[in-house]
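# Fold and contact review
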Amino acid sequence: MFDKLHRYLTGNTLIEQFSKYVIVGGLAFMVDYGMLYALTEFAHLHYLLSATISFIIGLTVNYMLSIYWVFSERSISRRSLEFIIFAVIGIVGLALNNIVMYLFTDVADINYLISKLISAFIVLIWNFGARKLILFNKPEK
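Attention in this report is confined to the structure presented alongside it.

Each value, and the rule that gives it
Residues numbered from 1 in each chain as written. Predicted model: local features only at pLDDT ≥ 70, side-chain atom pairs only at ≥ 80, totals over all residues. Heavy atoms only, no water. Salt bridge = Lys/Arg side-chain N within 4 Å of Asp/Glu carboxyl O. Helix = DSSP H or I, 4+ residues; strand = E, 2+ residues; numbered from the N terminus. Buried < 20%, exposed > 50% of the residue type's maximum accessible area, 1.4 Å probe, protein only. Axes fitted to C-alpha atoms, helices over the stretch in contact; angles between N-to-C directions. Left-handed = near helix turned anticlockwise from the far one by under 90°. Nonpolar A, V, L, I, M, F, W, Y, C, P; charged D, E, K, R; others polar. Core = buried A, V, L, I, M, F, W, Y, C linked by side-chain atoms within 4.5 Å. Contact = heavy atoms within 4.5 Å. Phe/Tyr/Trp six-rings, centres within 6.5 Å; stacked < 30°, edge-to-face > 60°. Lys NZ or Arg CZ within 6 Å of the ring centre and 35° of its normal.

Here we come to the pattern of salt bridges. A complete count under the given rule lists two salt bridges for this structure. Across the pair Lys116 and Asp32 runs a salt bridge, and its minimum N-O distance is 2.8 Å. Taken together, the residues Lys116 in helix H5 (residues 112-134) and Asp32 in helix H2 (residues 14-41) connect sequence positions 84 residues apart. The two residues Lys116 and Asp32 agree in class, both being buried. Of the charged contacts, one joins Arg79 and Glu82 as a salt bridge, the two residues approaching to 3.8 Å between their closest N and O atoms. Of this pair, Arg79 and Glu82 are both found in helix H4 (residues 79-107), three residues apart, which corresponds to roughly one turn of the helix. The class of Glu82 is buried, set by a relative accessible area of 0%.

Below is the structure:
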């Protein structure tokens, strides 16, 4: 049993990476979602401004956990460049997040917290795919 757990925690197949990414993404999402709610309801910021701030905080959590647990192979050895590319992918994810939230909240008249749930699923697929393809596939030569 412990051998299976160890292999899962240190495994590097696409399925294992995606599973771990979902866990990491879930933790980052909880931070993001909690901040979205707090900034909108208690700080009285517009939901899209709250979504932007909370997304950036969640992005940072996601990066830290991803590089230490999810992805062991790297395409880029320089951490500063890696983070910049990670952030650019995240900015595209942020744009997707805000567009989806706007469409569901303002156009479809759905509560912003439900819109965030829909957006999170779409952004999860984008972020994992882009980061896996661009950043975490094989060591640079």
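From this point on, the discussion continues.
Now for the packing of helix H3 (residues 47-70) against H4. Here H3 crosses H4 at 145 degrees, and the two axes come no closer than 9 Å. Regarding H3 and H4, the two cross each other, and that crossing is right-handed. Grouping the amino acids of the contact of H3 with H4 by side-chain chemistry returns 14 nonpolar, eight polar and three charged.

Looking at the secondary structure, you find Leu27 in helix H2. When the C-alpha positions of Leu27 and Leu65 are compared, they lie 9.2 Å apart, and in sequence the two are 38 residues distant.

This next bit is on the nonpolar core. Core analysis: the largest hydrophobic core is formed by 15 residues, its most contacted members being Tyr21, Val70, Phe71, Phe86, Leu135 and Phe136. With four residues, the top contributor of residues to this core is H3. With sequence-adjacent residues up to four places away left out, Leu135 is seen in contact with Glu73, Arg74, Ser75, Ile76, Glu82, Ile85, Phe86, Ile89 and Ala130. By size, the runner-up hydrophobic cluster in this structure holds six residues, among which are Tyr47, Met101, Tyr112 and Leu113.

With that settled, the discussion passes to the packing of aromatic side chains. Enumeration according to the criterion identifies seven aromatic pairs in this entry. A ring pair is formed by Phe18 and Phe128, whose centres lie 4.9 Å apart and whose planes are at 80 degrees; its orientation type is edge-to-face. With Phe18 in helix H2 and Phe128 in helix H5, this residue pair connects regions lying 110 residues apart in the sequence. Look at Phe18 and you get partly exposed, because its relative accessible area is 30%. With 5.1 Å between their ring centres and 35 degrees between their planes, Phe29 and Tyr33 make a pair best called tilted. With Phe29 and Tyr33 both in helix H2 and four residues apart, this pair spans about one turn of that helix. Here Tyr33 falls in the partly exposed class, since its relative accessible area comes to 23%. Taken together through their ring pairs, the aromatic side chains of Phe18, Tyr21 and Phe128 make up a single cluster. Between the NZ or CZ atom of Arg131 and the centre of the ring of Phe86, over which it lies, the distance is 3.6 Å.

The next point concerns unusual backbone geometry. For His44, which is not glycine, the phi torsion reads 60 degrees and is therefore positive. The exposure class assigned to His44 is exposed, which follows from its relative accessible area of 64%. Not every positive phi belongs to a glycine, and Asp109 is a case in point at roughly 60 degrees. Tracing the sequence through the fold places Asp109 in the loop between H4 and H5.

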